[in-house]
Amino acid sequence: MAHLVSVPDDKRVSLDTIYLRPNQPFKVGVYGMTSDLKLVATKDTNWDDKVLKETKDLRLAGTGEVIGAPVCKTAPLPNPPGKKDYAASQFSFANEGSYRIELRNGINVWDWLRIACYVKPPNGIADINTKGSGTLNVHIVWATAGSASGPLPHYITVATLLFEKHGFKLSITPTTPTFSEPRIRDYEKGVVCDKNFGNVQGLAAEVAKLPQYSSGKSVVVVMANARQTIEEYKDDGSLAGQTVTSQDFSISGNPFIILNANCRSLDGATLAHEMGHAAGFCDHSGETSHVMSYGPRRNGLPAGRIQDLQKAFFRSES
Ligand SMILES: [Zn+2]
């Protein structure tokens with residue numbers, strides 16, 4: 001899969017936030033470049049609610065508006081000899097602000113990073129250097145009948161990248177994140193995540209039977225045909241994930257996570273987001289770049305959330 005690297009050291013910079021001063025050049029390379037792909041600078045826009053309402057297409061509503069000169073200057077860099085399927089460009093931004101560099105195939109964004117362009121580094125930039133340690137352990141179980149892997153591989157890639165930037169390893173069992181037996185039965189028709197009228201309590205009783213749950217060392221993720229409302233026809237299908245906690249669903253053990261196998265968040269940060277809840281953060285961030293927000297392109301993990309993960313029941317020392 002094509003991805004972004006820094007130049008010339010070839011370090012992966014996917015989902016990074018890069019701090020630049022105005023007019024300071026930044027060189028970014030693309031591995032796996034093809035003629036279908038385009039590297040563009042964009043505004044760091046939030047959801048376009050009007051487009052979201054009209055089209056219900058997350059890609060159209062969450063995409064960054066492309067910018068060019070004079071705000072952003074772009075110049076292609078010469079290809080170093082011997083590098084195949086590779087391209088690099090230099091970007092610089094004239095004004096202070098938050099921007100994104102997106103690698104696009106049509107309206108699909110294959111990879112991206114954030115640029116924080118300011119004379120003085122903003123406060124949140126300090127959090128980029130906050131580090132945790134150890135391994136975050138996740139166990140996947142399926143409550144669907146089908147074999148589609150849905151959004152899970154993307155979610156795992158994004159969570160791995162985001163957590164690794166902050167010193168955590170991510171360990172997933174089973175190691176192949178596709179539909180697998182054994183699975184939880186009798187919930188194929190749907191898991192309804194409504195606190196009063198749903199069937200999450202019953203699902204929780206099944207989850208509690210799993211040795212990976214009762215060991216208390218992993219957070220269990222149930223891949224399900226999940227929805228928010230009891231009447232299927234009324235549901236808009238937008239529920240991507242739900243963390244089941246003792247506070248909200250009056251279960252007795254550790255939190256577990258439900259991911260909707262039929263929904264795909266735009267940025268793929270849903271697993272990382274729900275793991276933040278499972279680690280004890282019940283709130284949401286108003287900062288739309290943060291993982292614990294509802295923003296379209298989330299990559300920020302503030303120091304407080306790193307501390308939550310450091311204390312999480314599903315973290316191990318090594
Ligand atoms: Zn949430």
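Residues numbered from 1 in each chain as written. Predicted model: local features only at pLDDT ≥ 70, side-chain atom pairs only at ≥ 80, totals over all residues.

Between its terminal C-alpha atoms helix H4 (residues 152-165) stretches 20 Å, which fits the 20 Å expected from 14 residues at 1.5 Å a residue. What H4 keeps buried is the set Leu152, Tyr155, Val158, Ala159, Leu161, Leu162 and Phe163. Buried residues along H4 sit against strand S9 (135-142), strand S10 (169-173), strand S12 (219-224), strand S15 (256-260) and helix H8 (270-278). (Helix = DSSP H or I, 4+ residues; strand = E, 2+ residues; numbered from the N terminus. Expected span 1.5 Å × (residues − 1). Buried ≥ 20, exposed ≤ 12 C-beta atoms within 10 Å, placed from the backbone. Contact = placed C-beta atoms within 7 Å.)

An α-helical segment advances 3.6 residues per turn. Residues three or four places apart therefore align on the same side. Every buried residue of helix H9 (residues 303-310) is listed here: Arg305, Ile306, Asp308 and Leu309. End-on view of H9: buried residues confined to an arc of 155°, all on one side of the axis. (Arc of directions from axis to C-beta.)

This brings us to the pairing of strand S7 (residues 97-105). For strand S4 (residues 37-43) and S7, the ladder comprises 7 bridges, and the chain directions are antiparallel. Bridging across to S7, Ala41 finds its partner in Ile101. Bridge count between S7 and strand S8 (residues 108-117): 9 bridges; the pairing is antiparallel. Residue pairing in the sheet places Leu103 in a bridge with Asp111 of S8. In this structure, the hairpin formed by S7 and S8 is closed by a connection of 2 residues, where Gly106 is found at a positive phi of approximately 65°. (Pairing = 2+ DSSP bridges.)

Time to look at the domain arrangement of the protein. Under the domain assignment, the protein is made up of domain 1 (3-122) and domain 2 (135-316). Taking only C-alpha atoms, the centre of domain 1 and the centre of domain 2 are 29 Å apart. On the side of domain 2, 11 residues touch domain 1, which itself brings 11 residues to the contact. Mapped onto the side of domain 1 that touches domain 2, the elements with two or more residues apiece are helix H2 (58-61) and S8. Of the residues in the side of domain 1 that touches domain 2, the class split is 4 nonpolar, 4 polar and 3 charged. (Domains from an automatic or database assignment. Nonpolar A, V, L, I, M, F, W, Y, C, P; charged D, E, K, R; others polar.)

Let's shift gears to unusual backbone geometry. Residue Pro70 follows Ala69 across a cis peptide bond; omega there is 5°. In this structure, Pro70 sits in the loop between H2 and strand S5 (72-77). Going from Glu181 to Pro182, the amide bond is cis rather than trans, its omega being -5°. Assignment of secondary structure puts Pro182 in the loop between S10 and strand S11 (191-192).

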